[in-house]
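Spelled out from the first residue to the last, the chains are:
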Amino acid sequence: MMELRGALIGCGFFAANHLHAWQDIPGARIVALCDRDPARLADYGDKFGIQSRYTDAADLFVREKLDFVDIATTAGTHRLLVEMAAQHRVPTICQKPFAPSMEDAEAMVRACEAAGIPLMVHENFRWQTPIQAVADVIRSGRIGKPFFARVSFRSAYDVFSGQPYLAEGERFIIEDLGIHILDVARFLLGDASRITARTQRVNPAIRGEDVATMLLDHASGATSVVDCSYATRLATEPFPETLVEVDGSDGSIRLGQGYQMVVTSPQGVETTDVAPALLPWATRPWHNIQESVLAIQNHWIECLRQRQEPTTSGHDNLKTFALVEAAYRSAGTGQTIDLTNG
């Protein structure tokens, strides 16, 4: 099996998870790093034993022979970097938020399609072990046809200490976290046709919204409630767990705190521990997300080898991105947004 050579662009807060996961994937290796900050570049390069280091992405693409690039920068730089990768015909993974605007997101998808290269968005929540377990039960037919779901992420965890830029944007929780939870709703119940959203800012020290409640109508006829909060103080802090409820014509699923999944069906009630593995390089409570990074990067390598479109392709992610934009429009106008009209 020929080794696939990759580069990581962006050595910020989350990039360490990408690099640890790449080390665990047979047949794939990060051979070069790129970051505008020489100190961060040196830190990650030394820590992960990567000698080829660049402060200029254009220089990286010219000098390195790459099978893929992993872009882990902030959204404002994504279009430039993805279009640069497309110009050099390098298959690309891009972190979320995919782009600051739908125009930029669509431009990146077009660029990669024109270049004939795959583009995957690092939309990793749906790859979490507990979420995959819920999806497996739905696909099995044990609860019949789903007609309702609630996908919930409520916490008071201080995400701003590690990522202070999150407190500075006009948009926050829907763009940064809600995009994941909306993607999970799509993953479980299919594409949405309408969305109604309400937002609040509870924390006075930030600029954007830190609470969002969204109601989705799905093309399947099902309804889902997607709710996100970084202002919810609980007796036991659930971060970073996503809690899920699904009601079907023949039963129900409840994914509760502590990764306990209860399935009620005609066959009875079954409780299963669907906790993620604690990888050697992972730390609680992040291990759920960290394991999903390994899962999605494994998926990417499999798709590259088999020449298949990734599940969270750029084209597919446009649908999730459209939900984010529609949620902000709904929250701003107080109206329900029809997604079938573009």
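Criteria and cut-off values
Residues numbered from 1 in each chain as written. Predicted model: local features only at pLDDT ≥ 70, side-chain atom pairs only at ≥ 80, totals over all residues. Heavy atoms only, no water. Helix = DSSP H or I, 4+ residues; strand = E, 2+ residues; numbered from the N terminus. Contact = heavy atoms within 4.5 Å. Areas by Shrake-Rupley, 256 points an atom, 1.4 Å probe, with all protein chains shown as cover. Lys, Arg positive; Asp, Glu negative; His and termini not counted. Charge placed at Lys NZ, Arg CZ, Asp CG, Glu CD. Pairing = 2+ DSSP bridges. Core = buried A, V, L, I, M, F, W, Y, C linked by side-chain atoms within 4.5 Å. Buried < 20%, exposed > 50% of the residue type's maximum accessible area, 1.4 Å probe, protein only. Salt bridge = Lys/Arg side-chain N within 4 Å of Asp/Glu carboxyl O. Right-handed = clockwise from strand over helix to strand, strands pointing away. Axes fitted to C-alpha atoms, helices over the stretch in contact; angles between N-to-C directions. Phe/Tyr/Trp six-rings, centres within 6.5 Å; stacked < 30°, edge-to-face > 60°.

We now examine the overall build of the protein chain. Helix and strand counts for the protein chain stand at nine helices and 15 strands. Along the first, second and third principal axes, the C-alpha set of the protein chain runs to 60 × 45 × 40 Å. Of the contacts made within the protein chain by residues no fewer than 6 positions apart, 68% connect residues no fewer than 24 positions apart. With the model as given, the accessible surface of the protein chain reaches about 14700 Å², and the carbon-plus-sulfur share is 49%. Between the mean site of the 31 positive side-chain charges and the mean site of the 42 negative ones, the protein chain shows a separation of 2 Å.

Time to look at the pairing of strand β12 (residues 251–256). Inspection of the sheet shows strand β11 (residues 243–248) paired to β12 by five bridges, in the antiparallel sense. When the bridges of β12 are listed, D247 appears paired with S252. Once β11 ends, the chain turns through two residues before running back antiparallel as β12. Inspection of the sheet shows β12 paired to strand β13 (residues 260–265) by five bridges, in the antiparallel sense. Paired with G256 across the strands is Q260, a residue of β13. Linking two consecutive strands that pair antiparallel, namely β12 and β13, is a turn of three residues; a positive phi of about 85° is found at G258 within it.

What follows is about the nonpolar core. Of all hydrophobic cores here, the largest spans 86 residues; its most connected members are I195 and M214. Per-element tally for this core: the top contributor is helix α7 (residues 173–189), with ten residues. Residues within four places of M214 in sequence aside, it is in contact with I174, L182, I195, T196, A197, S224, V225, V226, C228 and A327.

In this structure the tally under the stated criterion is 24 salt bridges. One salt bridge connects D176 with K96, and the closest N-O pair in it is separated by 3.4 Å. One end of the pair, D176, is in helix α7; the other, K96, is in the loop between β5 (92–94) and α5 (102–115), with 80 residues separating them in the sequence. Taking the relative accessible area as the measure of exposure, D176 reaches 15% and is therefore buried. Given a relative accessible area of 13%, K96 falls into the buried group. A salt bridge links R194 to D217, with the shortest nitrogen-to-oxygen separation between them at 2.9 Å. Highlighted residues: R194 in strand β8 (residues 192–200) and D217 in strand β9 (residues 211–218), separated in sequence by 23 residues. Connected through shared salt-bridge partners, R126, D183, R186, D191, D316 and K319 make up one network.

It is worth spelling out the pairing of strand β2 (residues 28–34) at this point. Within β2, six of the seven residues are buried, which leaves it mostly tucked inside the rest of the structure. Sheet topology places strand β1 (residues 4–9) next to β2; six bridges connect them, and they run parallel. Directly across from G6, in β2, lies its bridge partner I30. This β-α-β element, β1 to helix α1 (residues 15–23) to β2, shows right-handed connectivity. Pairing of β2 with strand β3 (residues 52–54), which is carried by three bridges, proceeds in the parallel orientation. Bridging across to β3, L33 finds its partner in R53. Once you follow β2 into helix α2 (residues 38–48) and on to β3, the crossover reads as right-handed.

Below, the discussion takes up the sheet that holds β3. Taken in spatial order, the six strands of this open sheet run β3-β2-β1-β4-β5-β6, and their pairing is parallel. Two strands lie at the open edges of the sheet, namely β3 and β6 (119–121), each paired on one side alone. Across this sheet, the average inter-strand angle for adjacent strands is 25°, counted without regard to direction. Sheet strands in contact with α2 are β2 and β3, and its direction is about 165° off that of β3.

Next up on the list: the packing of aromatic side chains. A complete count under the given rule lists eleven aromatic pairs for this structure. With a centroid separation of 3.8 Å and an interplanar angle of 5°, the aromatic rings of Y157 and F239 are classed as stacked. In this pair, Y157 is assigned in the loop between β7 (146–154) and α7 and F239 in the loop between β10 (223–229) and β11, connecting sequence segments 82 residues apart. Relative to F172, the ring of F160 has its centre 5.2 Å away and its plane inclined at 45°; by these criteria the two rings are tilted. Of the two residues, F160 sits in the loop between β7 and α7 while F172 sits in the loop between β7 and α7, which places them twelve residues apart along the sequence. There is no split in this pair, since F160 and F172 are both buried. An aromatic cluster of three or more residues is present, and its members are F13, F125, F153, Y157, F160, F172, Y230, F239 and W286.

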